[in-house]
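Listed below, chain by chain, are the residues.
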Amino acid sequence: MSVNLDEGNLKDGLLGLVVALVEIIQELLERQALRRMESGSLSDCEIERLGEALSELTEALAKIKSDNNIEDAVQLVRTDLDLAAEDLIDKFLNPASWNEESQKEES
Amino acid sequence: MNPERESCLVEVLDRLLNKGAVLNADIIISVAGIPLIGVTLKAMIAGMETMLEYGIMEDWDKSSRELYASQETHLPLLPGEQILYKTFGYLREDEGLIKCWVPGVWNITSQRVILWVKTPGKILFETPLENLRVMRVPASHEVRKELELIYPQGSSRISLTERNEFEQALAEAARSTAARNESELVVTG
């Protein structure tokens, strides 16, 4: 379980990691915003403001990615993180596989 | 690349926030079997909607929304004036002791060009569209794209990342202004 950065181009790799994390937070915020909007507790004005702010953030992120040419680096980090998350869930749901894995490593 | 793809990690975190998680911990630090210091920790993480469902942070949610609403400012427009285009940008401040780029939102309305700062709600620069000329100037910084606004009272240097779109919007606004009162604006590049 690891996230690999491109050593050949550390600047892109690092920026990719940061942008990937911001992107994950942004997607989470979007989902939670949707939940709040659907709950009906926000006023129309607040919903509009929230939507505008989130779409601005999305645009800004897309711009940073295209300006620095790090779309691929971000994609790579996100895939790695997704795999790591999948791995973690798998271990939670199926603790037996954990044992098997550590035994495999020992032998 | 498909931006709508399902991300496993986001899905997991979203579920965690929807359900909410609580961590309670009590710690006693003792020396020689005598408890000396006690610590009670409570940590909670959840989406705000879940928090409100459980009645947590309700007052805070309400008061912070009210605070924002009370502080919100609106660009004061003249009667019949409409905002045609807005973009983030800077104005060069050369007077006074400190020479710097002041950030704000550039608004092109049907009558004026305005640099607006949302908090505390202030117009930093405004000039009517009539008799306004725009010139491209070499940028002092590679990321900045600079323009010079020339108007009867003087000139100002401004900077925008979306320079082309700004120029286009300005030219369009000027055309409709010129059509209205037959004054002219020239965009040179």
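All figures in this text were calculated on a predicted structure; none of them were measured in a lab. (Residues numbered from 1 in each chain as written. Chains lettered and ligands numbered in written order. Predicted model: local features only at pLDDT ≥ 70, side-chain atom pairs only at ≥ 80, totals over all residues.)

Asks: I'd like a description of the interface of chain B and chain A, backed by residues and values.
Replies: Between chain B and chain A, the contact holds 13 residues from the first and 17 residues from the second. Mapped onto the side of chain B that touches chain A, the elements with two or more residues apiece are helix H1 (8–19) and helix H2 (48–53) of chain B. With seven residues, the single largest contributor to the side of chain B that touches chain A is H1(B). Partitioned by chemical class, the residues of the side of chain B that touches chain A number eight nonpolar, two polar and three charged. (Contact = placed C-beta atoms within 7 Å. Helix = DSSP H or I, 4+ residues; strand = E, 2+ residues; numbered from the N terminus. Nonpolar A, V, L, I, M, F, W, Y, C, P; charged D, E, K, R; others polar.)

Asks: Could you give an account of the environment of Ser30(B), naming the residues involved and the relevant values?
Replies: All names here are of chain B. With respect to the element layout, Ser30 can be found in strand S1 (residues 21–31). Its 10 C-beta neighbours within 10 Å are what place Ser30 among the exposed residues. In this structure, Ser30 is in contact with Pro35 and Leu36, ignoring residues within four places of it in sequence. (Buried ≥ 20, exposed ≤ 12 C-beta atoms within 10 Å, placed from the backbone.)

Asks: Mind laying out the nonpolar core, listing which residues take part and the relevant values?
Replies: Counting 15 residues, the largest nonpolar core has Val113(B), Leu129(B), Leu170(B) and Ala173(B) as the members making the most contacts within it. Taken together, the elements giving at least two residues each to this core come down to strand S4 (100–109), strand S5 (112–117) and helix H4 (163–181) of chain B. In this structure, Ala20(A), Ile70(A), Val74(A) and Val10(B) belong to the second largest nonpolar core, which totals ten residues. (Core = buried A, V, L, I, M, F, W, Y, C linked by C-beta atoms within 7 Å.)

Asks: A description of the confidence of the model for chain B should follow, citing residues and the corresponding values.
Replies: Overall, the prediction assigns chain B a mean pLDDT of 83, with 90% of residues at 70 or greater. Ranking the elements of chain B by mean pLDDT puts strand S10 (residues 187–188) of chain B last, at 53, and S1(B) first, at 93. (pLDDT = per-residue confidence, 0-100.)

Asks: Any chance you could break down the packing of helix H1 (residues 10–39) of chain A against helix H3 (residues 71–93) of chain A for me, citing the residues and the numbers?
Replies: Residues and elements named next belong to chain A. Interhelical geometry of H1 versus H3 gives an angle of 60° and a closest axis separation of 8 Å. With respect to H3, the element H1 is oriented oblique. The two elements H1 and H3 cross, and the hand of that crossing is right-handed. Within the contact between the two elements, H1 uses Asp12, Gly13, Gly16, Leu17, Val19, Ala20 and Glu23 and H3 uses Ala73, Val74, Leu76, Val77, Arg78 and Leu81. (Axes fitted to C-alpha atoms, helices over the stretch in contact; angles between N-to-C directions. Parallel < 35°, antiparallel > 145°, perpendicular 65-115°, else oblique. Left-handed = near helix turned anticlockwise from the far one by under 90°.)

Asks: So what's going on with the pairing of S5(B)? Which residues, and what values?
Replies: Residue and element names in this part refer to chain B. Where burial is concerned, most of S5 is hidden: five out of the six residues are buried. Of the strand pairs in this sheet, S4 and S5 are connected by four bridges, and their pairing is antiparallel. Note that in S5 the partner of Asn107 across the bridge is Ile114. If you look at the hairpin formed by S4 and S5, you'll find two residues sitting between the two strands. Sheet topology note: the S5/strand S6 (residues 122–128) ladder contains six bridges and is antiparallel. The partner of Leu115 across the bridge, within S6, is Phe125. (Pairing = 2+ DSSP bridges.)

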